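# Observations on the three-dimensional arrangement
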Amino acid sequence: MKEIRWHGRGGQGAKTASQILAQINLREGKFVQSFPEFGPERSGAPIRAYNRLADDAILVHSAVYAPDIAVVVDESLLTAERPADGLHPDGTLIVNTSCSAEEIRRRTGYTGRIVVLDADRIAREAGTGFANIPMLGAVTAVLGTPWKLVEEEVRATMGERMSRDMLEKNIAALRMAYEAAKGASHGR
Amino acid sequence: MRKVMTGHKAVAEAMRQIEPDVVAVYPITPQSEIAEYYAQYVHDGIVHSELVPVESEHSAMSACVGAAAAGARVMTATSSQGLALMVEVLYIAAGMRLPIVMALANRSLSAPINIHCDHADAYLARDAGAFQIFCESAQEAYDYTLIAQRIAEHEKVRIPGIVNLDGFTLTHTSQVVEPLEDERAKKFVGPFKALFPLLDVDHPVSWGTFAMPDYYFELKRAQAAAIEEVAGVFLEVQRAYASLTGRRYAGFIEPYRLDDAERAVVVLGSTAGTAKVAVDQLREKGEKVGVLKVWLYRPFPYAEVARALGHVKQVAVLDRAFSFGAMGALYNDVAAALVPSERRPVLSNYIYGLGGRDVTVEQILQAFAEVKTARPTTGLRYLGLRE
C-alpha cells in the first residue's frame, strides 16, 4: 500500500488533485482512499489531503502519519507544516518550487528522494494558474502510472467542469510536469 | 461497476434507487451532502420524490411521520444536534409503526460544539424504538441503506430504521464502492405497500391516538415485539442481498479472526476496519487476537454476541461516546449478553475517538496490550486521550 500526504492551502486544489489521483488508480484496478484533513476549510489556510492506494481492500480509517510520498503544493508550507515529518526514509518529497533539490534538502533535512518542479511556472505558462494539476502530474510520474491512464482520467473528470480550451491547457500543464518529474533524477 | 465515491454519495445513490415518495430533510454537517445530492436529483428530474425542505429537523421528522401515515415511502437523513431535535418525533414514528429509513452521519453532541465523528447521536436515539445498523465502509452504507429499507417495510416490522455511518471518516472519504445497477437495486427493495394509509378515504382510520393506562402498556409491548421481529427479517433480507451481490454478509455480527482468539475487541462502525489491521499485525507476531464487529445494534443480538465471545479470555469493548455516569452503552449490552453464559471473558471498557479524535491502529494495539492483564472492573479506560 502507498500512502500519500498532500500539503496545500485552501483554494489551491490539493483535495481535488487527491481525488483525481484516487480515480486514476481506480482505473489501474487499485483500491483507493482520498480524504481531506477534516475541519473547516478556509481559503488560504494550510490544509492536508491524503491518499491510500493498494492492491487489496483498504481497511484502515485513520489519517496518514508515515506517508511514502509527501506533496507540497505551496512552498511556504515547507516551514509552516514540516511536510517531511513522518515521511518514509525511502519515500519521495515532491515540492512545487523554483529552488534546487539540494536547497530543499537543506531546508527540510529530508534524506530520501526529493523531486522539485516549478509547478507555479508551468501553470502560469500553460495559462491555467493552478499548481494542483502539474503536481498531480508529478505524483503520477513518481508512482509510475502510465501517461495514458492519467490523461484519460483528467479529461474525464475535468472535462465536465471547464471549457475545452481550459481543459487542453490543463492537459498541457499536466504533461509538462509528468515528463519533468519522470526525468528528474534527484535520488540520494 | 466499481466507482470511487464518498459515503454520502453512496447513501444518496441508494436513496436515488429506492426513490421514496417523500424526502423531508434539513442540512447539518456532516450529513448535508446527502441532502444536497438528493435535492439535485429532484431538481434534475432524475427522481420523482417530493422533497420537503423543512425549517428544522423536528419538522423533518414530523413531515416524515405525516407522509408515512398518509401512505408514502419516506426517507430522511441527519446528524448530531439534528437527530437530537428529531428524537421527540422519532419516538412517535416508532410508536406509530412507520417505516421511515434514515442515514445518520455520526457526529458528536454539543457542548462544546464539534462537527466531528463519535457515536453520541446514535446512543441518544438508542431507546427510541428504531432499529439501528452500523457500517464499516461506504460500501456497507450503500448496501445497508437498501437492506434497511426492505427491513423497515416488512409487514412484520414496520418501524423506523437508522443506518449509521461515521461522519467524515466515511461520509467525506472517497473510497471504492460497487453499487448495483438501478434495476437490480429497485427489484431488491421492491414496491412499497402502504398499510392503512390515511389517504385511503374509502377506509378511514385513526393514527396517533391517545392511550390511557388501560391500553398504553399493551401497545408498547406490541411495539417491543415489532422490533424483535427485526432480527429474523434482517437475516432473511441480508441473505437475499448476499446471494444477489456475492457480498459476505451473514449475521448480526461480523467476527474477524475470532475463532481461536484469546483476546478481542468489540466495535461499531469504521473502527472495525482499523481494528482488523491491528489484528493482522498482532497475528503476524503469533498473538491470538480478533475483532467482533456489531452490524445490528438495535435490536441487540445478545445470543450471537455471547456465542462469539464465549471462548475468548479478555475482551475490550470500545465505546465511541460516554454514557455519563455509567459504563459505555455498548459495554453494557455486551455485559448483558454474557450474563447468562457459563464461560465469560474478562471485560474491559474503553472510551475512544470522541469529537473526531483520530482512531489509529496504535490505539487498538494499546487496548490489546493492556487487556492481557486486565482484571474484572467497573472503571472506564481511554484510548487516544491526554490526561
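This one's a predicted model, so the numbers in the text were calculated from it and none came from an experiment.

This next bit is on the overall build of chain A. Within chain A, the secondary structure is distributed over seven helices and six strands. Mapped from its N terminus to its C terminus, chain A presents α and β elements in the order β-α-β-β-β-α-β-α-β-α-α-α-α. Taken against the 2.2 N^0.38 rule, which gives 16 Å for 188 residues, the C-alpha radius of gyration of chain A at 15 Å falls within 12% of a compact globule. Its C-alpha atoms give chain A principal-axis dimensions of about 40 × 40 × 35 Å. Pairs at least 24 apart in sequence give 62% of the contacts found in chain A among residues at least 6 apart.

We now examine the environment of B:Leu83. Along the polypeptide, B:Leu83 turns up in helix H4 (residues 80-95). Among all residues touching B:Leu83, those that are not within four sequence positions of it are B:Thr78, B:Leu104, B:Asp121, B:Leu124 and B:Ala125.

Next up on the list: the sheet that holds strand E10 (residues 263-267) of chain B. Residues and elements named next belong to chain B. Taken in spatial order, the six strands line up as E9-E11-E10-E13-E14-E15 in an open sheet, and their pairing is mixed. Both edges of this open sheet fall to strand E9 (253-256) and strand E15 (380-383), since each of them pairs with a single strand only. Each neighbouring strand pair of the sheet contributes to a mean axis angle of 25 degrees, computed without reference to strand direction. Relative to strand E13 (residues 314-319), E10 runs parallel, the two being bridged by four bridges. Within E13, the position partnered with Arg-263 by the bridge is Gln-314. Where helix H9 (residues 271-284) meets the sheet, it contacts E9, E10, strand E11 (289-294) and E13, and its direction lies at approximately 165 degrees from that of E11. Strand contacts of helix H11 (residues 329-338): E10, E13 and strand E14 (346-352), with the helix running at about 145 degrees to E13, the strand carrying the most contacts.

Residue and element names in this part refer to chain B. By the bridge criterion, four bridges tie strand E2 (residues 22-25) to strand E3 (residues 50-53) in an arrangement that is parallel. Considered in E3, the bridge of Val-23 is made with Leu-51. Each parallel crossover has a hand, and the one from E2 via helix H2 (residues 32-43) to E3 is right-handed.

This part takes up unusual backbone geometry. Residues and elements named next belong to chain B. Here the amide bond leading from Ala-111 into Pro-112 is cis, since omega sits at -5 degrees, within 30 degrees of zero. Along the chain, Pro-112 turns up in the loop between strand E5 (101-106) and helix H5 (120-124). Following Arg-298, the chain continues into Pro-299 via a peptide bond in cis, with omega recorded as 0 degrees. As for its placement among the helices and strands, Pro-299 is situated in the loop between strand E12 (296-298) and helix H10 (302-309). Here the phi dihedral of Glu-19 falls at roughly 45 degrees; this positive angle occurs in a residue that is not glycine. Note that Glu-19 resides in the loop between helix H1 (7-18) and E2. Positive phi, close to 45 degrees, is recorded for Ser-80, a residue that is not glycine. For Ser-80, the position within the fold is in helix H4. Look at Ser-80 and you get buried, because 29 C-beta atoms sit within 10 Å.

Residues and elements named next belong to chain B. Segmentation of chain B into domains returns domain 1 (3-245) and domain 2 (255-383). A straight line from the C-alpha centre of domain 1 to that of domain 2 covers 28 Å. The interface is formed by 28 residues belonging to domain 1 together with 21 residues belonging to domain 2. Element by element, the count of residues in the side of domain 1 that touches domain 2 is highest for helix H8 (residues 216-245), at five residues. Looking at the side of domain 1 that touches domain 2, its residues break down into 14 nonpolar, nine polar and five charged.

So, on to the packing of H1(B) against H2(B). Residues and elements named next belong to chain B. The geometry of H1 relative to H2 is characterised by a closest axis approach of 9 Å and an angle of 40 degrees between their N-to-C directions. Considering the angle they form, H1 stands oblique to H2. As for how H1 packs across H2, the hand of that crossing is right-handed. Contact residues: His-8, Lys-9, Val-11, Ala-12, Met-15 and Arg-16 in H1; Glu-33, Ile-34, Tyr-37, Tyr-38 and Tyr-41 in H2. Across the contact of H1 with H2, the residue classes break down as seven nonpolar, one polar and three charged.

On to the sheet that holds strand E8 (residues 174-177) of chain B. Strand order in the open sheet made by the eight strands is E6(A)-E5(A)-E4(A)-E1(A)-E3(A)-E2(A)-E8(B)-E1(B), with mixed pairing throughout. The outermost strands of the open sheet, each flanked by one partner alone, are strand E6 (113-117) of chain A together with strand E1 (3-5) of chain B. Strand-to-strand, the axes of this sheet are offset by a mean angle of 20 degrees, without reference to chain direction. For strand E4 (residues 69-72) of chain A and strand E5 (residues 92-96) of chain A, the ladder comprises four bridges, and the chain directions are parallel. Paired with A:Val72 across the bridge in E5(A) is A:Val95.

Before going further, it helps to examine the interface of chain B and chain A. With 20 residues of chain B at the interface, the matching set in chain A holds 16 residues. Elements represented by at least two residues in the side of chain B that touches chain A include exactly E8 and H9 of chain B. Element by element, the count of residues in the side of chain B that touches chain A is highest for H9(B), at four residues. Its residues placed into classes, the side of chain B that touches chain A shows six nonpolar, 11 polar and three charged. In this structure, strand E2 (residues 31-36) of chain A lies alongside E8(B), joined through two bridges in antiparallel fashion. Across the sheet, the residue bridging to A:Gln33 is B:Gln175, located in E8(B).

What follows covers the pairing of strand E3 (residues 46-54) of chain A. All names here are of chain A. Buried residues dominate E3, accounting for seven of its nine residues. In the sheet, strand E1 (residues 2-9) pairs with E3 via eight bridges, with the strands oriented antiparallel. In the sheet register, Trp-6 faces E3, and the bridge partner there is Ala-49. Strand direction decides the pairing type here: E2 and E3, joined by six bridges, are antiparallel.

Now for the packing of helix H6 (residues 138-153) of chain B against H8(B). Residues and elements named next belong to chain B. It is at 9 Å that the axes of H6 and H8 come closest, and there the two elements cross at 130 degrees. Looking at the two axes, H6 sits oblique to H8. In the crossing of H6 with H8, the sense of the turn from one axis to the other is right-handed. Contacts from Asp-143, Leu-146, Ile-147, Arg-150 and Ile-151 in H6 reach Val-230, Val-233, Phe-234, Val-237, Gln-238 and Tyr-241 in H8. For the contact of H6 with H8, the residue count by class is eight nonpolar, one polar and two charged.

Reading guide: rules and limits
Residues numbered from 1 in each chain as written. Chains lettered and ligands numbered in written order. Predicted model: local features only at pLDDT ≥ 70, side-chain atom pairs only at ≥ 80, totals over all residues. Helix = DSSP H or I, 4+ residues; strand = E, 2+ residues; numbered from the N terminus. Rg over C-alpha atoms; globule rule 2.2 N^0.38 Å. Contact = placed C-beta atoms within 7 Å. Pairing = 2+ DSSP bridges. Axes fitted to C-alpha atoms, helices over the stretch in contact; angles between N-to-C directions. Right-handed = clockwise from strand over helix to strand, strands pointing away. Buried ≥ 20, exposed ≤ 12 C-beta atoms within 10 Å, placed from the backbone. Domains from an automatic or database assignment. Nonpolar A, V, L, I, M, F, W, Y, C, P; charged D, E, K, R; others polar. Parallel < 35°, antiparallel > 145°, perpendicular 65-115°, else oblique. Left-handed = near helix turned anticlockwise from the far one by under 90°.

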